[in-house]
Amino acid sequence: MSLPILETCRKRKRGPKLYNFHSFGDPGCPISPIGPFRDNIRLFLQECAEPEDYNVEGMPIWCTLLVIESNSIVVPLYIIEENVKFSPNPFCDHCRCTGWGDNLVSKRKYHVIIPIAGEWSKRLEEGAFELHTHILHGMIHCNGFGHLLCINGIEGGSKFLCGREIMDLWDRLCANLHARKISVEDVSKKRSMDLRLLYGVAYGHPWFGRWGYKFCRGSFGVTKHNYGRAIEILSAVELDQIIQDFKDSDQYEEMKQMIHYYRDLSETQLMTFKDLLRFMLTVKSCPCAQKKRSMAATASSSISKHLPRVTLQKKPLMKEKCTRYRKFSSLVGTLDSRWPTRRLEYAAEVIVNTLKEKKADKLSKGGMSRQDVRDAARLHIGDTGLLDYVLKSMNNVIVGTHIVRRAVNPTTKILEYSIDELDGGIRPVRVAEPEADVVPEPLPVLPLVPGADLYGDMAFLYAKVLMNYPEPEVMELASQAVLDSKHFVKEWPFEDDEDQLLRFICQAMPNIIDLEANMNRELPPGEIVMLPLHATVAELKQAAESALRDTYCILEKFVVTEIDRMEELEDWELLFGAVESGAELFMRGDGMDLNTELRYEGGPDNWKVRCECGAQDDDGERMVACDICEVWQHTRCNGIEDSGTVPPLFICTGCCESLGHSRGEPQEELDNSDDLLMIPANEYVAQFLE
């Protein structure tokens, strides 16, 4: 297998640099940067990576080759520099959902990607940022704040690297380049079990907690205290109490048998549910436990031999697989979107009309690139975030009487959208269903044999104890609180090393007008600046100005005029002895571009969130806006299932009550909130909107 970068190096007549995968990123390997991330990443690309001779959507690519010495496999690590000014997605949804939406828009994003093994011999193509099949995909803004977007170990398609090895590499790389904060949205599963709940109960933290990731933000109003308390409740429940609580259920004997089996298997006493899960997660490494589990599996096999055999049908039960198409109107009901359904459908119609105009032009051939579709649609829709969201979802979807496809042009290697008429022989294909004339015989239910399938045993305990506990209700509420906590973050605190350098955190001081207009926003983080011991006040101003200009779009022309609480110091005076190294300093100045849209990572929209669960900001969960007050609320908190369609007209409870009071309706009629939330099923509120 030949990697693209190897061909590039042959053309340049020089050998590529190779690094050990399992030590890459360790202190001093390959570099020992001491500056902030914005400088360290440039040094890394200069010293440790080779530029590719192609780009992705106009963005430059570098490649570093890492060798797994145990099997001599060469792994490509790509870094792509995304210039925000020319990006179709300048804002950051991940920052918004993590709680960093008030951070200033940074000028550059750096994507760190290891593709799936089958793609190592191919070039990266357009749409690489949207794939969830990469072995590793992380993105770090040039200010050092970043996000771990994707990681896939052995079960996710990685042939040579397990999840722990990939995370070790990512953690070393972030530490070496001096990242400041890295977030991750933990939605990982194993056999339908959410690992953040499983590991949370067993270890008190998610799987990512091994590398220092801690609770950052909960959805649906879950606070750090709620999360910690929920973990305590689930971890502390005693095994004897579990057996007692299941006494009146159908799973009593199975539960008792399961707990007794692993208690006998353990060399230490298992008292709580935390003890049991932790033991089960580590039992694979115990030779004694493996022997007993092997005996249990043999017993399970012998039992299955005595069960009646089932004759397999020679006729295939499923229809032959083919391309499946979905109606966009049905698809939007399953999308986790902050936009109302009607806006998503309108955006889809605009895109279809754009593609129809393109197809009708006889002088043009082929489809339209994503950027071309986006630019044409912007003439009708100004919300670029909405367009990007809909375009991402449009592949093999039906809109009206047309079907929209998305594919890479084999000649240009660019992702293109195309359109076809439905009456041209293309029909939506449903999910394959069993043939009507074939009725498969029911499979026998094997008796539960503890130890025969370790993960099957954990899945049983997960489903019965964590998700369907008989009593009390607090167990179910605690489990839901943990499941509603998906966002975790690791922080590398600012350190002022004892060396011959002065370090400061420099922050642009907003003017009074800007401060009053954004009273509800938090001040964004400052930038780290390093200076020699003999530096002057003037040199500090110059260094801070350069760092802020280099990092943020809004401060590209910022000029520092004075430093807060240092006004009495002259520009020629030395900093040493006048200000303490490691201090946080506020820079006053001119040139802040207050008219640019590229201000905050959360985007220009200043939409309000106020939900009954306590949420006051976007937490990444599905929401719906009231058509009267335009305040966003969770669909789940309003009785709308995640798979349910958002009603075309939605009025929140508060507005329903206000409307009722204005018409003098009795209060008891307003308390029936289930009827007041979803307008299509309720004509009571609709009469007030006529």
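Within an unreviewed UniProt entry, the label attached to the protein reads Zinc finger PHD-type domain-containing protein, and the organism entered is Hevea brasiliensis.

Q: Please clarify how the overall build of the protein should be interpreted in this entry.
A: Across its full length, the protein holds 22 helices and 23 strands. The 690 residues of the protein split such that 47% are buried. Element-wise, carbon and sulfur atoms account for 50% of the exposed surface of the protein, whose accessible area totals about 35,500 Å².

Q: Looking at this structure, how should I read the nonpolar core?
A: Buried together is how nonpolar side chains tend to be arranged in soluble globular proteins. In terms of nonpolar packing, the biggest core is built from 88 residues, with Phe44, Trp170, Ile242 and Phe273 touching the most fellow members. Apart from residues no more than four positions distant in its own chain, Trp170 is found in contact with Val112, Leu136, Gly138, Met139, Ile140, His147, Leu148, Ile182 and Tyr213.

Q: Looking at this structure, how should I read the packing of helix α5 (residues 195-203) against helix α6 (residues 224-236)?
A: Packed helices, taken two at a time, are described by the angle their axes make and the gap between the axes. Between α5 and α6, the least distance of the axes is 8 Å, while the angle of their chain directions is 70°. Looking at the two axes, α5 sits roughly perpendicular to α6. By crossing handedness, the relation of α5 to α6 is classed as right-handed. Packed against α5, whose contacting residues are Leu197, Gly200 and Val201, the element α6 presents Ile231, Leu234 and Ser235 at the interface. Of the residues that constitute the contact of α5 with α6, the class distribution is four nonpolar, two polar and no charged.

Q: Whenever I open this one, the sheet that holds strand β21 (residues 584-590) confuses me. Can you help?
A: In any sheet, the strands associate via hydrogen bonds between backbone groups, in a parallel or an antiparallel arrangement. Taking strand neighbours across the sheet as the criterion, the four strands line up as β19-β18-β21-β20 in an open arrangement whose pairing is mixed. Every other strand in the sheet has two partners, leaving β19 (527-532) and β20 (559-563) as the edge strands with one partner each. Averaged over all neighbouring strand pairs, the angle between strand axes comes to 45°, with direction disregarded. The sheet contact formed by strand β18 (residues 501-508) and β21 spans four bridges and is parallel. Paired with Ala508 across the bridge in β21 is Met587.

Q: Could you clarify how one ought to interpret the confidence of the model for the protein in this entry?
A: Parts of the prediction with low pLDDT should not have their coordinates interpreted in detail. Mean pLDDT over the protein stands at 82; residues scoring 70 or higher make up 81%. Every residue in residues 424-445 is under pLDDT 50, and counting partners more than four places away or in other chains gives 37 contacts. Considering only residues more than four positions removed or in separate chains, one finds that residues 667-690, a stretch of pLDDT under 50, has 39 contacts.

Q: I tried to follow helix α18 (residues 537-551) on my own but got confused; where do I start?
A: An α-helical turn contains 3.6 residues, so any two residues separated by three or four positions project in the same direction. Taking 1.5 Å per residue, 15 residues should reach 21 Å; α18 reaches 21 Å between its end C-alpha atoms and fits that length. Taken together, the buried positions of α18 are occupied by Val537, Leu540, Lys541, Ala544, Glu545, Ala547, Leu548, Asp550 and Thr551. Contact partners of the buried residues in α18: α2 (37-48), β5 (108-114), β18, β19, β20 and β21.

Q: What am I meant to see in the pattern of salt bridges here?
A: Side chains bearing opposite charge may pair, as long as their charged atoms lie close to each other. Summed over all chains, the structure comprises 35 salt bridges. Among the salt bridges present, the one from Arg42 reaches Asp550, with a minimum N-O distance of 2.9 Å. Taken together, the residues Arg42 in helix α2 and Asp550 in helix α18 connect sequence positions 508 residues apart. In this structure Arg42 comes out as partly exposed when scored by relative accessible area, which is 35%. Note on Asp550: relative accessible area 18%, which makes it buried. The salt bridge partner of Asp168 is Arg164, with a shortest N-O separation of 3.7 Å. Separated by four residues within a single helix, Asp168 and Arg164 lie in helix α4 (residues 163-176), roughly one turn from each other. Its relative accessible area of 24% is what places Asp168 among the partly exposed residues. Overall, Arg164 belongs to the partly exposed group, its relative accessible area being 43%. Salt bridges here are not isolated pairs; linked through shared partners, they connect Glu130, Arg370, Arg374 and Asp388.

Q: Can you walk me through the packing of aromatic side chains in this structure?
A: The geometry of two aromatic rings is summed up by the distance between their centres and the angle between their planes. One pass over the structure, following the stated rule, counts 14 aromatic pairs. Here Tyr19 and Phe24 contribute two aromatic rings whose centre-to-centre distance is 5.2 Å and whose plane-to-plane angle is 55°, an arrangement assigned as tilted. Phe24 carries the same exposure label as Tyr19, and that label is buried. Note on Phe208 and Tyr213: the rings are 6.2 Å apart at their centroids and 70° apart in plane angle, and the pair reads as edge-to-face. Here Phe208 and Tyr213 have matching classes, each one buried. Taken together, the aromatic side chains of Trp207, Phe208, Trp211 and Tyr213 make up a single cluster linked through ring pairs. We note Lys190 situated over the ring of Tyr455; from NZ or CZ to the ring centre the distance is 4.5 Å. It is Arg636 that lies over the ring of Phe220; its NZ or CZ is 3.6 Å from the centre.

Criteria and cut-off values
- Along each chain, the written sequence defines residue order, and numbers are assigned to residues from 1.
- Only residues with pLDDT of at least 70 get local features here, since the model is predicted, and only at 80 or more are side-chain atom pairs given and counted; chain-wide, interface and lining totals rely on the full set of residues.
- With hydrogens and water excluded, all non-hydrogen atoms of the structure serve as input to the side-chain values.
- Helix and strand definitions here come from DSSP, where helices need a minimum of 4 consecutive H or I residues and strands a minimum of 2 consecutive E residues; each element is numbered from the N-terminal end.
- Relative accessible area decides the class of each residue, using a 1.4 Å probe on protein chains only: under 20% of the type maximum gives buried, over 50% gives exposed, and in between gives partly exposed.
- To be clear on the numbers: accessible area is Shrake-Rupley with a 1.4 Å probe, and residue cover counts the displayed protein chains and nothing else.
- Side-chain atoms within 4.5 Å link the members of a nonpolar core, which is a set of buried Ala, Val, Leu, Ile, Met, Phe, Trp, Tyr and Cys residues.
- In this description, contact between two residues means that some pair of their heavy atoms is separated by no more than 4.5 Å.
- The axes are straight lines fitted to the C-alpha atoms, using for helices just the contacting stretch, and the angles between their N-to-C directions are given from 0 to 180°.
- Each angle is binned into one of four classes, with values under 35 degrees roughly parallel, values over 145 roughly antiparallel, values of 65 to 115 roughly perpendicular, and all other values oblique.
- For a crossing to be left-handed, the near helix must be turned anticlockwise from the far one by less than a right angle; the clockwise case is right-handed.
- We call Asp, Glu, Lys and Arg charged. Ala, Val, Leu, Ile, Met, Phe, Trp, Tyr, Cys and Pro are nonpolar, and the rest, Gly among them, are polar.
- When DSSP finds two or more bridges between two strands, those strands count as paired.
- pLDDT runs from 0 to 100 and stands for how confident the predictor is about each residue.
- How far a helix is expected to stretch is found by multiplying one less than its residue total by 1.5 Å.
- Criterion for a salt bridge: a side-chain nitrogen of Lys or Arg within 4 Å of a carboxyl oxygen of Asp or Glu.
- Classification of ring pairs rests on two measures: the distance between centres of Phe, Tyr or Trp rings, Trp counted by its six-membered ring, which must be within 6.5 Å, and the angle between planes, read as stacked under 30 degrees, edge-to-face over 60 and tilted in between.
- A ring is considered to have a charge above it if a Lys NZ or an Arg CZ atom is located within 6 Å of its centre and within 35 degrees of its normal.

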